[in-house]
Amino acid sequence: MPGRLLFVITLLIFTGILAGCSSGSCDEPTESMVNMTFRLTDAETNSSIDSITVFGIGMEEELIYDTVKTKQISLPLYPDANSLQFVIRRGYRDDTLTIEYESEIRFISKECGYAFFYQVINIYNSHNWINNTIIINPDISPGDEENIRTFF
Amino acid sequence: MKRISVLFFSLFILSSYSWSQEADSIVAGGVVGIGIEISGPIIYASDSSVLNLEGYISYRLNQKYYVIVEPGIATYSYSQYNYDYSSGGFFIRAGFDMNLLKPKVKPGNHFAGLGVRYGLSLFNQETPWATSTNYWGSYDFSIEKRFVHAHFIEISGGVKAEIFRNILIGWSARARLLLYQSAGKANKPVYIPGMGETGRGLKPSFSYHIIWLIPLKKGL
């Protein structure tokens, strides 16, 4: 009986060990981006917006979005800055969006390494086609949860 | 790595075979065991990124229960495309083993059973380089060396066999669960001395020991 009992116990431990083995690759999202949605000023729900082009000021040659129709865009932040500006172009009209933020580093996992998380402190925008932008959730983390909402 | 696996498998077979060939025995208290864990230095010979040096001290309370203390030191280094990491320090695990063998005939020192330990690890960790790259470019940073303490529990199952008079060899399979670490979410350790690599859930491990028994009373 002790031999059988020990065999069962050892088998359980080995099973647990195999179940706990690491996959060896990073399976989690690691980049935190500001998720921005759009809404008509008097509407109650978010809407798609046509022909959106987005790029960072100072990065005009590299477009984040190029003439897309979308309900949500994601804006990347830089860990070594606390304020960034983006051009949000709709058709032929440009508005500038300024995001002020704080960054925090976190360790994700051995396979993924470190990632930066952010806290949006303030946002400003010009008013060529954008009426107003508000903060919905200031905690910027990997994922597609809505962070700021633009009314137009 | 293949030769190491063959060596450990052979030790596993030898230790399991040895105790299974003798009758279960009466095991009395008052015996101290002193030993070392041998897989750590062997693994270091083929993989110098982790060095684990571990001792083993036991006191046999009676035929069933043992008090166990396992002190040690460990160092660890890891490097991949987006960060380098190192940690090193001291640890101690203390707890009890329970022998599942039922004593029958004559004094003997075989063991087949389960164990539970509480672990404490005191170590430094450092990230001398890391990088983050996105649309805006690459940002290189580092995290300075910091002292960390960590607490964990361990359960184990294993076998020890007496191959010569008062000399035992044995192996155990172990699973460890981290209870607390003082570095916080931002700087979670990659490796905790005495526990191993961190992550979600139970962390598995194997140990192989050579132990010298010292009877404190005559006739044991």
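Residues numbered from 1 in each chain as written. Chains lettered and ligands numbered in written order. Predicted model: local features only at pLDDT ≥ 70, side-chain atom pairs only at ≥ 80, totals over all residues. Heavy atoms only, no water.

(A) Highlighting the overall build of chain A. Counting its secondary structure elements, chain A contains one helix and 10 strands. For chain A, the sequential pattern of α-helices and β-strands runs α-β-β-β-β-β-β-β-β-β-β. Sequence separation of 24 or more characterises 49% of the internal contacts of chain A that already satisfy a separation of 6 or more. When the accessible surface of chain A is totalled, it reaches about 8,100 Å², and 50% of it is carbon and sulfur. (Helix = DSSP H or I, 4+ residues; strand = E, 2+ residues; numbered from the N terminus. Contact = heavy atoms within 4.5 Å. Areas by Shrake-Rupley, 256 points an atom, 1.4 Å probe, with all protein chains shown as cover.)

(B) Representation of the overall build of chain B within the structure. Along chain B, the regular secondary structure elements total two helices and 10 strands. Going from the N terminus to the C terminus, chain B shows its helices and strands as α-β-α-β-β-β-β-β-β-β-β-β. With 220 residues in all, chain B has 47% of them scored as buried. Of the accessible surface of chain B, which amounts to about 11,000 Å², a share of 64% is contributed by carbon and sulfur atoms. (Buried < 20%, exposed > 50% of the residue type's maximum accessible area, 1.4 Å probe, protein only.)

(C) Structural context of the side chain of threonine 198 of chain B. Considering the arrangement of structural elements, one finds threonine 198 of chain B in the loop between β9 (196-197) and β10 (203-215). The residues contacting threonine 198 of chain B, other than those within four sequence positions of it, are Pro189, Val190, Ile192 and Lys203 of chain B.

(D) View of the nonpolar core. Core analysis: the largest hydrophobic core is formed by 46 residues, its most contacted members being Leu75, Ile88, Ile99 and Tyr114 of chain A. Residues contacting leucine 75 of chain A, with those up to four places away along its chain left out, are Met33, Val34, Met36, Val54, Phe86, Leu97 and Ile99 of chain A. Counting eight residues, the second largest nonpolar core, distinct from the first, contains Tyr66, Leu168, Ile211 and Leu213 of chain B. (Core = buried A, V, L, I, M, F, W, Y, C linked by side-chain atoms within 4.5 Å.)

(E) The arrangement of the pairing of strand β1 (residues 31-37) of chain B in detail. All names here are of chain B. Counted residue by residue, β1 has five buried out of seven residues, so it is predominantly covered. Examined bridge by bridge, β1 and strand β2 (residues 50-60) share six bridges and lie antiparallel to one another. For valine 32, the partnering residue across the bridge sits in β2 and is tyrosine 59. Bridging between β1 and β10 involves seven bridges; their strand directions are antiparallel. Following the sheet pairing, glutamate 37 is matched in β10 by histidine 209. (Pairing = 2+ DSSP bridges.)

(F) Summary view of the sheet that holds strand β9 (residues 139-140) of chain A. One open sheet holds the six strands; their spatial order is β3-β2-β5-β6-β7-β9 (chain A), and the pairing between them is antiparallel. Whereas interior strands pair on both sides, the edge strands pair on one side only; in this sheet they are β3 (63-70) and β9 of chain A.

(G) A look at a nonpolar patch on the surface. Residue and element names in this part refer to chain B. Together, Tyr59, Leu61, Tyr65, Phe96, Val116, Ile155 and Leu216 make up an exposed nonpolar region whose accessible area comes to about 640 Å². Relative to the helices and strands, tyrosine 65 resides in strand β3 (residues 65-80). A relative accessible area of 35% places tyrosine 65 in the partly exposed class. (Patch = residues over 30% accessible without salt bridge, like charges linked within 9 Å, V, L, I, M, F, W, Y side chains within 5 Å. Salt bridge = Lys/Arg side-chain N within 4 Å of Asp/Glu carboxyl O.)

(H) Broad picture of the interface of chain B and chain A. Contacts between chain B and chain A engage 38 residues on the former and 35 residues on the latter. At the boundary of chain B with chain A, total buried surface from both sides reaches about 3,100 Å², with 69% on carbon and sulfur atoms. Contact with chain A buries area across many residues of chain B, yet Tyr135, Trp136 and Tyr139 of chain B alone supply 28% of it, more than any other trio. In this assembly, chain B and chain A are joined by one salt bridge. Here lysine 110 of chain A and glutamate 197 of chain B are joined by a salt bridge, their closest N and O atoms 2.7 Å apart. At the surface where chain B touches chain A, the tally comes to 13 residue pairs in polar contact (both at pLDDT 80 or more). Those elements that place two or more of their residues in the side of chain B that touches chain A are β3, β4 (83-99), β5 (111-134), β6 (137-164), β7 (167-181) and β10 of chain B. A total of nine residues in the side of chain B that touches chain A trace back to one element, the largest contributor, which is β6 of chain B. (Buried area = accessible area lost by both parts, 1.4 Å probe. Polar contact = N/O pair within 3.5 Å; in protein donor to acceptor, adjacent residues only side chain to side chain.)

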